[in-house]
Amino acid sequence: MVGYAFMGAAHSQAWRTVNRVYDLPARARMALICGRDTAKVADAADRLGWDAYTTDWRDLINSDDIDVVDICTPGDSHAEIALAALAAGKHVLCEKPLANTVAEARAMTAAADAARATGVRSMCGFNYRRVPAVTMMRQMVADGRLGVIRHVRAVYLQDWIVDPQFPLVWRLQKDRAGSGALGDIGAHIIDLTQFVTGQRISGVSAVTETFVKERPLPAGSSGLAATVDGGSSADGNGTGPVTVDDAAVFVARLDGGALATYEASRFATGRKNALRVEINGSLGSVVFDLERLNELEFYDATRPTVEQGFNRILVTEGEHPYMSAWWPPGHIIGYEHSFTHEMRDFIEAVATGVDPTPSFADALQVQLVLDAVARSAELGSSWTEVAPALTAAAV
């Protein structure tokens, strides 16, 4: 694995757990973790359960006993590491968003397509697909329980950069992160809604805003670390420009005819990690709220009028997606379990020679939506079609 901070810790917990929970056709050995700081990566290896550590990600590529490379770095290094790993015959799991640019995402998708011919698999880590309630939500839509899908509304709200004195960490720099709230959390709701509905976003009209244009330069903070570790990491040595969006709002049309609204903000004061998706159809509606991730709200319009109303479904039964390996009904699971389910699906796919999802091609399509949103905002919210998801080879 490359990277050991927030996502590195989440992925490590999942790799440690997955074979102790699920009976899989292969076992994961946590062989080697990579980070740039020797002392920090050594500590991470010991704390997170890795056999060894290195400060050069090329050591993973060149190691004959490494089968899988898990990329948990900022977006500016995804393409270089993934392309090298695929060329070396390593299976690749890459965190979202796939890349910082459409060009990089196309190149990664083309490389994944070529590697697939030799049995090398790849997947992008949109972990919210693996929340049991979300997977059940998708099944309900696919089974026709909602009828014709007419409306989709999705929000993902955080507030960790509301303070203008919060330092200029890498997530606020376009050259490192690619974009701000749009790519960081907007990518999640784009993928989640397309996954649930089976429809893809075909066009958008968007507006973005950067509320705080300058921030104090950081002193060793990384990503969300300043809030996770407590306190500010500004060092008082000047300020730098924020080069990403703080918030993005857009309307969209899906290729199945549904209308959709999306909001992604890291300036929603009081909202820590609030993701909510509602789907309205001709026969009913379904709602998912990440802060109540073991539940769905379902409105069945086919029931008699006197019985209609939103019903709470507790998604903890053994028959529910992923839940057979966990606890008795009613014993809830949490955020970290979505990553365990992600590793379960990835190991099973690789071991049985099946392509895991979401593929790099799926992630490229999300990248194309992000690009369309950014272009629309730059053009005064003009209607912007999402470009076709052609690979670099096809182009």
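Engineer: Would you take a moment to explain the overall build of the protein for this structure?
Structural biologist: When you go through the protein residue by residue, the secondary structure sums to 11 helices and 16 strands. The C-alpha radius of gyration computed for the protein amounts to 21 Å, which stays within 12% of the reference 21 Å derived for 395 residues, consistent with globular compactness. Per-residue burial over the protein gives 55% buried out of 395 residues. Carbon and sulfur atoms provide 51% of the accessible area of the protein, an area that totals close to 16500 Å².

Engineer: How should I be thinking about the sheet that holds strand β3 (residues 68-71) in this particular structure?
Structural biologist: Sheet strands pair by backbone hydrogen bonding; their relative direction is either parallel or antiparallel. Spatially, the three strands line up as an open sheet ordered β3-β4-β5, and their pairing is parallel. The two strands at the open ends of the sheet, each matched to only one other strand, are β3 and β5 (122-125). Going across the sheet, the axis of each strand differs from the next one's by a mean of 15°, ignoring polarity. Looking at chain direction, strand β4 (residues 91-95) and β5 are connected through four bridges and run parallel. Across the sheet, the residue bridging to Val92 is Ser122, located in β5. Sheet contacts for helix α1 (residues 6-21): β3 and β4; angle to β4, the most-contacted strand, approximately 135°.

Engineer: Help me understand unusual backbone geometry in this model?
Structural biologist: For residues besides glycine, phi is generally negative; the peptide bonds are generally trans as well. In the segment running from Lys96 into Pro97, the intervening peptide bond is cis, with an omega of -20°. Checked against the element boundaries, Pro97 lands in the loop between β4 and α5 (102-116). The omega torsion of the bond from Thr357 to Pro358 falls at 0°, within 30 degrees of zero and hence cis. Position of Pro358 among the secondary structure elements: in the loop between α10 (335-352) and α11 (360-378).

Engineer: Help me understand the state of the cysteines, please; the structure alone is not making it clear to me.
Structural biologist: Cysteine pairs can be covalently joined through their sulfur atoms, and such a bond is termed a disulfide. Counted according to the given criterion, the structure contains zero disulfides. Cysteine Cys94 shares no disulfide, and the gap to the nearest cysteine sulfur, in Cys124, comes to 5.6 Å. Judged by relative accessible area, which is 0%, Cys94 ranks as buried.

Engineer: Teacher, can you tell me more about the packing of α1 against α10 here?
Structural biologist: A packed helix pair is summarised by two numbers, namely the angle formed by the two axes and the spacing between the axes. Running from amino to carboxyl end, α1 crosses α10 at an angle of 60°, the nearest separation of the two axes being 8 Å. Put simply, α1 runs oblique to α10. Considering only the axes of α1 and α10, their crossing is right-handed. Listed contacts from α10 to Phe6, Met7, Ala10, His11, Gln13, Ala14, Trp15, Thr17, Val18 and Asn19 of α1 are Tyr335, Glu336, Phe339, Thr340, Glu342, Met343, Arg344, Phe346 and Ile347.

What counts and how
Residues numbered from 1 in each chain as written. Predicted model: local features only at pLDDT ≥ 70, side-chain atom pairs only at ≥ 80, totals over all residues. Heavy atoms only, no water. Helix = DSSP H or I, 4+ residues; strand = E, 2+ residues; numbered from the N terminus. Rg over C-alpha atoms; globule rule 2.2 N^0.38 Å. Buried < 20%, exposed > 50% of the residue type's maximum accessible area, 1.4 Å probe, protein only. Areas by Shrake-Rupley, 256 points an atom, 1.4 Å probe, with all protein chains shown as cover. Pairing = 2+ DSSP bridges. Axes fitted to C-alpha atoms, helices over the stretch in contact; angles between N-to-C directions. Contact = heavy atoms within 4.5 Å. Disulfide = S-S within 2.5 Å. Parallel < 35°, antiparallel > 145°, perpendicular 65-115°, else oblique. Left-handed = near helix turned anticlockwise from the far one by under 90°.

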